Structure formats: C-alpha cells, structure tokens
Amino acid sequence: MAIYRWTTTSPDETMQFAERLGEQLESGDVCTLEGDLGAGKTTFTKGLGKGLGVKRTINSPTFTIIKEYQGRVPFYHMDVYRLEDSEEDLGFDEYFEGEGVCVVEWARFIESFLPEERLAIHIAYESDVERTITLETNSEHFDAICKELTS
C-alpha cells in the first residue's frame, strides 16, 4: 500500500485536483471519502464527477443515501453517514461490482460491505482554505493513477 499527499489552498483547487483524478478512474473503481464536516467532501465529489464527464449538478445525497449520475461511465455518489450502527445492505454489491465508478462518503460506516480493492481518500481541514488530501492505494491500478497525478 502506498500513501500520497497533496495540499490545496482553495475549494477550486480541491475541485480541480479531484477532476484530474476523475479523468483517470475507470468502470468498477471504488473510492472511499472521509473527512470532517466541512472538509470539502462534496466539493471533491463534484470535481470527480466533472472528471467523469457528469453534466448534472452534483450535491450531497444525505437524505437519499445514493445518487446516480451519467458521464462517460455511470457515477454513483453515496453518503452513508445515516447508516452508522446499521447493518442495512442497500444492494451495495450491485454498485461496487457494476460498470460505474463509486464514491462513498463516510465509508467506515459500511466497512463490511466495501470491496477490498479501493482508493481511500481522506480530506483534512487545515485552515479556512487549506486542505490536505491523502490517497491510500492498495492495488497497482490505483497506485498507477496516483503516480499519474504527481507527473
């Protein structure tokens, strides 16, 4: 497993970084996204969607848990915060093993449902504008993507 870190100094920069990442993602990729409230998870997800070619407005699926978007591949945005202390399976396998890209906010709440191969993303709030984005890889595929982002 490799760990990569980037620092962004504005929401736009965070979105641009995520857009570059989204351009590299492929069908079947699963990304987990952790960070405190207000750290920029939704901003990051909007950038991922843009990189995947999503044209619709992306917003947090807090009350619906899963939102589906169409880009060059399907894009599934999950916010599983409300599933804390729940063993409810909402058909996660169909998404994780499907043809789209999944991003899962608050993924630790559904750890037992997550696929082994995934890209773990953590956004840390450093100041009003500065964020540290940490990507942890556990496969050659995601490691190659992170190396491409550094070039």
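Anyway, here's the lowdown on the structure attached to this text.

1. A short note on helix H2 (residues 41-51)
And step 1. Of the positions making up H2, those classed as buried are Lys41, Phe44, Thr45, Gly47, Leu48, Gly49 and Gly51.
And step 2. Gly53 sits one or two residues past H2 and shows a positive phi near 85°.

2. What about the packing of aromatic side chains?
What characterises a pair of aromatic rings is the spacing of the ring centres plus the angle enclosed by the ring planes.
And step 1. Scanning the entire structure with this criterion turns up eight aromatic pairs.
And step 2. Residues Phe92 and Phe113 carry aromatic rings whose centres are separated by 5.4 Å and whose planes lie at 45° to one another, so their mutual orientation is tilted. Of the two residues, Phe92 sits in helix H3 (residues 92-96) while Phe113 sits in the loop between strand E5 (101-105) and strand E6 (119-125), which places them 21 residues apart along the sequence.
And step 3. By relative accessible area, Phe92 is classed as buried at 0%.
And step 4. A network of ring pairs unites the aromatic residues Tyr4, Trp6, Phe17 and Phe44 as a single cluster.

3. Looking at the sheet that holds E6
And step 1. Pairing within the open sheet is mixed, and its seven strands lie in the order E1-E7-E6-E2-E5-E4-E3. In this open sheet, the two strands that pair with only one neighbour each are strand E1 (2-8) and strand E3 (66-70). Strand-to-strand twist of the sheet, defined as the mean angle between neighbouring strand axes without regard to direction, takes the value 20°.
And step 2. Summarising the sheet, E6 and strand E7 (residues 131-137) pair through six bridges and their orientation is antiparallel. Across the sheet, the residue bridging to Ile123 is Ile133, located in E7.
And step 3. Its contacts with the sheet place helix H1 (residues 11-24) against E1, E6 and E7, and it is angled at close to 145° to E1.

4. Re the side chain of Arg118
And step 1. Among the secondary structure elements, Arg118 is positioned in the loop between E5 and E6.
And step 2. In this structure Arg118 touches Val30, Thr32, Glu111, Glu136, Asn138 and Phe142, once residues within four positions along its chain are discounted.

5. What about the pattern of salt bridges?
And step 1. If you walk through the whole model with that rule in mind, you get four salt bridges.
And step 2. Between Lys50 and Glu19 there is a salt bridge whose closest N-O contact spans 3.9 Å. Residue Lys50 is found in helix H2, and its partner Glu19 is found in helix H1; the two are separated by 31 residues along the sequence.
And step 3. Here Arg108 ties to Glu34 by a salt bridge, and the two come within 2.4 Å at their closest N and O atoms. In this pair, Arg108 is assigned in the loop between E5 and E6 and Glu34 in strand E2 (residues 30-35), connecting sequence segments 74 residues apart.

6. A closer look at the packing of H1 against helix H4 (residues 140-150)
And step 1. Interaxial distance between H1 and H4 falls to 10 Å at its minimum, and their mutual angle equals 135°. The pairing of H1 with H4 is recorded here as oblique in orientation. Where H1 crosses over H4, the handedness of that crossing is right-handed. Two secondary-structure elements touch here, H1 through Phe17, Arg20, Leu21 and Gln24 and H4 through Ile145, Glu148 and Leu149.
And step 2. A class-by-class count of the residues in the contact of H1 with H4 yields four nonpolar, one polar and two charged.

Parameters and conventions
By convention here, each chain's residues receive numbers from 1 onward along its written sequence. With pLDDT at 70 or above as the cut-off, local features in this predicted model cover only qualifying residues; side-chain atom pairs require 80 or more to be listed or tallied, and sums for whole chains, interfaces and linings still use all residues. Each side-chain value is derived from all of the structure's non-hydrogen atoms; neither hydrogens nor water enter the calculation. The rule is simple: take the accessible area with a 1.4 Å probe, protein chains only, and divide by the maximum for that residue type; under 20% is buried, over 50% is exposed, in between is partly exposed. Elements are defined by DSSP. Helices are runs of H or I of four residues or more, strands are runs of E of two residues or more, and each kind is numbered from the N terminus. A pair of aromatic rings is counted whenever rings of Phe, Tyr or Trp (Trp by its six-membered ring) have centres within 6.5 Å, and the orientation is called stacked for planes under 30 degrees apart, edge-to-face for over 60 and tilted otherwise. Think of it this way: DSSP has to see at least two bridges between two strands before they count as a pair. Between N-to-C directions, angles span 0 to 180 degrees; the directions come from axes that are lines fitted to C-alpha atoms, helices contributing only their stretch in contact. Residue contacts follow a heavy-atom distance rule, with two residues in contact if any of their heavy atoms lie within 4.5 Å. A pair is scored as a salt bridge if a Lys or Arg side-chain nitrogen falls within 4 Å of a carboxyl oxygen belonging to Asp or Glu. Any angle that falls under 35 degrees is termed roughly parallel, while one over 145 is termed roughly antiparallel, one within 65 to 115 roughly perpendicular, and all others oblique. Throughout, a crossing is termed right-handed when the near helix is turned clockwise from the far one, and left-handed when it is turned anticlockwise from it by less than a right angle. Under the scheme applied, nonpolar residues are Ala, Val, Leu, Ile, Met, Phe, Trp, Tyr, Cys and Pro; charged residues are Asp, Glu, Lys and Arg; polar residues are all the others, including Gly.

On their own, these measurements won't tell you what the molecule is for.
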